[in-house]
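Below, each chain spelled out in residue letters.
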Amino acid sequence: MAVSAPSPAYHPGLHRWSILLAFCTLLLVVAGGLVTSRDAGLSVPDWPLSYGKLMPPMEGGILYEHGHRMVATTVGLFTIVSLIWLVRVDHRKWLRIVGVVALLAVIAQGVLGGMTVLFLLPWWISTSHACLAQLFFSMTVAMALFTSNWWLRGPRQIDEDDRYPIRFLSLLAPVFVLTQLALGAAARHKAIGSIYHISWSPVVTGMILWVSLRILLHYSENKELRLASMMLLAITFCQVFLGIAAFMSRIAYADAVQPMPVMVTFTVLHVAVGALTMAASVALAILVRRNVPAAAPDFVAGRAPVVS
Amino acid sequence: MAALLLLVACGSKQPAPDTSASLPPAQVDPATAGTITGKVLFDGKAPPMPEIDMSSNPNCERQHKKPQKAEVVEVNSNKTLRNVFVWIKDGLPKARWTPPAQPATLDQRGCVYEPHVLGIMEGQQLEILNDDPVNHNVHAESQINPAWNESQAPRAEHKFKTFNSEEVLFPVTCSVHPWMRSYIGVSPHPFFAVTGDDGSFTLKGVPPGTYTVEAVHEKFGRKQGKLTLAPSGTATLDFTYGS
């Protein structure tokens, strides 16, 4: 007789901690966006200390750069706590691996941040730093999802409609979003013109519309998929307008001698909502892969009943 | 991580080689040396310069009785343009010119750089002062010479730097105060000037010859002119920029 693995127990403390980690990571993305938008990336020339101290005078650009380092240190410590907590109470091996990967990612992110300061913001290090930030945020959101009671109650599976396949398509959305984030980061760090980021935006928006509308039209009986796709659509809608606003404000203040508050605000919001778009597309892909199982090749006629 | 560090090591810029060392020392006969002079004119309406918002650092703001304006385009009352770097770009014999013993000075005072545009010779020392009660970082954004970024505490010891390769112009910036920006032109010879409040320039002690003279402005870019300088003569060349 086969013995099935016991269902992992729900640990509300761990789940709340994971949500806090994801929230702090979003704040970290905002702090990083402020550093770049305020041209403050090199205001603290040394690393890992700041002006040779743990706490330099928080004036001018130092406020943004050192503030970013402080939030980053907090997120790093929170990630360590998450991993320890996972190892102690959660028996899912794959989730522990996710925790280890998250810790390695946040360490690599810190090193990239230090290197970009020491090497005077080479575009490829700064762009890698920006992209890894987005991936790490998605990882923390996924960890919050995996530790939720909602996740632990098990999937509500729905068959894949052969006419409207969704499993592979759902993976394309985060890939397209990550490409867009990389193009945006490369433009912000002056590696390429913003035309590439602008040109890719209708493509990535189209991809998100394609995935989300397919789910809403053909898989809407699954509440999780319906909500996740609606959330992705809503975030993308905001992101498109923020992108336009950020671009317009850059044109309006092209001759400014210092970063203008309107431009900074729209750009940082665009970066933060970009992170949310990435995380929402990753979460949707995870839910699709979980709730829409791959059809068994020799079991086409008989379909599992829909559980909503 | 090791691969990343290797990439960084490979990608980092090597110091520009000092190519002037193998050249013969420059010699100018004072009996035949002449002068190149001229003005940098501005045709059109002077664009209004925005006021700098120093509110992010009250210690900067307090040092000024009235708001400072950006120095990007400064048109003088005689319709000439200030802060234009003018130098002999081409025509001088290949030679090694001796840099002056006294350093060129870049001061940080009131959270602005003084001067806004600075000429310096290859190998000449640049002395950097911080007369402010605040921290600055000084970032030389040079492309040919090795770039650097260093902090300077309030009224700290002066910094001394040299640039060994010709490079006209590159910005020097402060990320603590993002409005702070100056420009440095590194010339291999002493025949350069920066226009002031009358928009004129004078290059003295130039050997006779035919030269390409170049004017470089941070916003309006480069303009060149050719002239021939007779022995002990004076040649005039004006440049005109427009909005």
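Please read these numbers as outputs of a predicted model, since none were measured by experiment.

Novice: Even after reading the chapter, I still don't get the overall build of chain A, so can you show me in this structure?
Specialist: Tallying secondary structure elements over chain A gives nine helices and zero strands in all. Secondary structure elements of chain A occur, N-terminal to C-terminal, as α-α-α-α-α-α-α-α-α. Computed over C-alpha atoms, the radius of gyration of chain A comes to 21 Å, within 12% of the 19 Å expected from 2.2 N^0.38 for 308 residues, which places it in the range of a compact globule. Taken along the three principal axes of its C-alpha coordinates, chain A extends 65 × 45 × 25 Å. In chain A, buried positions account for 44% of the 308 residues. Once local pairs closer than 6 in sequence are excluded, the contacts in chain A between residues at least 24 apart make up 76%.

Novice: Quick question: what am I supposed to make of the interface of chain B and chain A here?
Specialist: A common way to express how large an interface is: the accessible area buried when the components associate. Counting residues at the interface gives 24 residues for chain B and 22 residues for chain A. Elements represented by at least two residues in the side of chain B that touches chain A include exactly helix 1 (2-11), strand 7 (136-140) and strand 8 (148-152) of chain B. Of all the elements, strand 8 of chain B adds the most residues to the side of chain B that touches chain A, at three residues. Split into classes, the residues belonging to the side of chain B that touches chain A amount to eleven nonpolar, eleven polar and two charged.

Novice: Would you take a moment to explain the domain arrangement of chain A for this structure?
Specialist: All names here are of chain A. Splitting chain A by domain gives domain 1 (11-154) and domain 2 (158-296). A separation of 21 Å is found between the C-alpha centroids of domain 1 and domain 2. Every contact between the two is made by 21 residues of domain 1 and, on the other side, 22 residues of domain 2. Elements with a contribution of two residues or more to the side of domain 1 that touches domain 2: helix 1 (12-37) and helix 4 (123-146). Considering every element that reaches the side of domain 1 that touches domain 2, the biggest residue donor is helix 4, with eleven residues. A per-class count over the side of domain 1 that touches domain 2 returns twelve nonpolar, seven polar and two charged.

Novice: It is not clear to me how the confidence of the model for chain A should be interpreted in this structure. Could you clarify?
Specialist: Regions with low pLDDT carry predicted coordinates that are not meant to be interpreted in detail. All names here are of chain A. When pLDDT is averaged across chain A, the result is 93; 94% of the residues are at 70 or more. When pLDDT is averaged over each element of chain A, helix 1 comes out on top at 98 and helix 5 (residues 149-152) at the bottom at 94. Counting contacts from residues 299-308, a segment whose pLDDT is below 50, to residues more than four positions away or on other chains yields twelve contacts.

Novice: Sorry, what's going on with the packing of helix 3 (residues 93-118) of chain A against helix 4 of chain A here?
Specialist: The description of two helices packed together rests on the angle between their axes and the distance between the axes. All names here are of chain A. It is at 9 Å that the axes of helix 3 and helix 4 come closest, and there the two elements cross at 155 degrees. Looking at the two axes, helix 3 sits roughly antiparallel to helix 4. The two elements helix 3 and helix 4 meet at a crossing, and its hand is left-handed. Contacts between helix 3 and helix 4 involve L95, V98, A102, A105, V106, A108, Q109, L112, G113, M115 and T116 from the former and I125, S126, S128, H129, L132, A133, L135, F136, M139, T140, M143 and F146 from the latter.

Novice: Just to check I follow, could you spell out the sheet that holds strand 6 (residues 125-130) of chain B for this structure?
Specialist: Strand pairing in a sheet takes place through backbone hydrogen bonds and is either antiparallel or parallel in direction. All names here are of chain B. Pairing in this open sheet of four strands is mixed, and the strands run 4-3-6-9 from one edge to the other. Each of the sheet's edge strands pairs with one partner strand only, and the pair in question is strand 4 (112-114) and strand 9 (159-162). Going across the sheet, the axis of each strand differs from the next one's by a mean of 25 degrees, ignoring polarity. Relative to strand 6, strand 3 (residues 104-109) runs parallel, the two sharing five bridges.

Novice: When you look at the nonpolar core in this model, what are you seeing that I'm missing?
Specialist: Side chains of nonpolar character tend, in soluble globular proteins, to be buried together. Core analysis: the largest hydrophobic core is formed by 121 residues, its most contacted members being A:V141, A:A142, A:A279, A:A283, A:L284 and B:V86. It is helix 9 (residues 261-291) of chain A that provides the largest number of residues to this core, a total of 18 residues. Taken domain by domain, the makeup of this core includes at least three residues from each of domain 1 (11-154) and domain 2 (158-296) of chain A. When sequence neighbours within four positions are dropped, the list of residues in contact with A:V141 reads A:A22, A:A279, A:V282 and A:A283.

Novice: So what exactly am I meant to see when it comes to helix 7 (residues 194-218) of chain A here?
Specialist: Spacing of three or four residues puts side chains on the same side of an α-helix, whose turn is 3.6 residues. Residue and element names in this part refer to chain A. With 25 residues, helix 7 ought to run about 36 Å at 1.5 Å a step, and its terminal C-alpha atoms sit 36 Å apart, in line with that. Of all the residues in helix 7, the buried ones are H197, V204, M207, I208, V211, S212 and I215. Of the surrounding secondary structure, the elements contacted by the buried residues of helix 7 are helix 6 (167-188), helix 8 (223-252) and helix 9.

Novice: What's the story with the pairing of strand 1 (residues 34-43) of chain B in this structure? I'm lost.
Specialist: Where a strand is regular, its side chains alternate between the two sheet faces. Residue and element names in this part refer to chain B. Taken together, the five bridges between strand 1 and strand 13 (residues 200-206) define a ladder with antiparallel strand orientation. When the bridges of strand 13 are listed, K39 appears paired with S200. Where strand 1 meets strand 16 (residues 234-236), three bridges bridge the pair, whose relative direction is parallel. What sits directly across from T37, in strand 16, is T236. With four bridges joining them, strand 1 and strand 17 (residues 239-242) adopt parallel strand pairing. Bridge assignment links F42 to a residue of strand 17, and that residue is Y241.

Novice: How should the environment of B:P58 be read in this particular structure?
Specialist: Counting through the fold element by element, B:P58 comes out in helix 2 (residues 58-61). Sequence spacing of B:P58 and B:V216 is 158 residues, and the spatial spacing of their C-alpha atoms is 34 Å.

Novice: Would you explain unusual backbone geometry in this entry?
Specialist: In most cases, non-glycine residues show a negative phi, while peptide bonds are predominantly trans. Geometrically, the link from A:W47 to A:P48 is a cis peptide bond, its omega value of 10 degrees lying close to zero. Residue placement: A:P48 occurs in the loop between helix 1 and helix 2 (61-89). Looking along the chain, the bond that leaves B:V168 and enters B:L169 is cis, with omega of -15 degrees. Mapping B:L169 onto the fold places it in strand 10 (residues 167-173). The backbone of A:K190 shows a phi angle near 65 degrees, a positive value even though the residue is not glycine. In this structure A:K190 comes out as exposed when scored by C-beta crowding, with 11 C-beta atoms within 10 Å. Phi angles above zero are rare outside glycine, and B:C111 is one such case at about 60 degrees. Here B:C111 is to be found in the loop between strand 3 and strand 4.

What counts, and where the lines are drawn
- Residues numbered from 1 in each chain as written.
- Chains lettered and ligands numbered in written order.
- Predicted model: local features only at pLDDT ≥ 70, side-chain atom pairs only at ≥ 80, totals over all residues.
- Helix = DSSP H or I, 4+ residues; strand = E, 2+ residues; numbered from the N terminus.
- Rg over C-alpha atoms; globule rule 2.2 N^0.38 Å.
- Buried ≥ 20, exposed ≤ 12 C-beta atoms within 10 Å, placed from the backbone.
- Contact = placed C-beta atoms within 7 Å.
- Nonpolar A, V, L, I, M, F, W, Y, C, P; charged D, E, K, R; others polar.
- Domains from an automatic or database assignment.
- pLDDT = per-residue confidence, 0-100.
- Axes fitted to C-alpha atoms, helices over the stretch in contact; angles between N-to-C directions.
- Parallel < 35°, antiparallel > 145°, perpendicular 65-115°, else oblique.
- Left-handed = near helix turned anticlockwise from the far one by under 90°.
- Pairing = 2+ DSSP bridges.
- Core = buried A, V, L, I, M, F, W, Y, C linked by C-beta atoms within 7 Å.
- Expected span 1.5 Å × (residues − 1).

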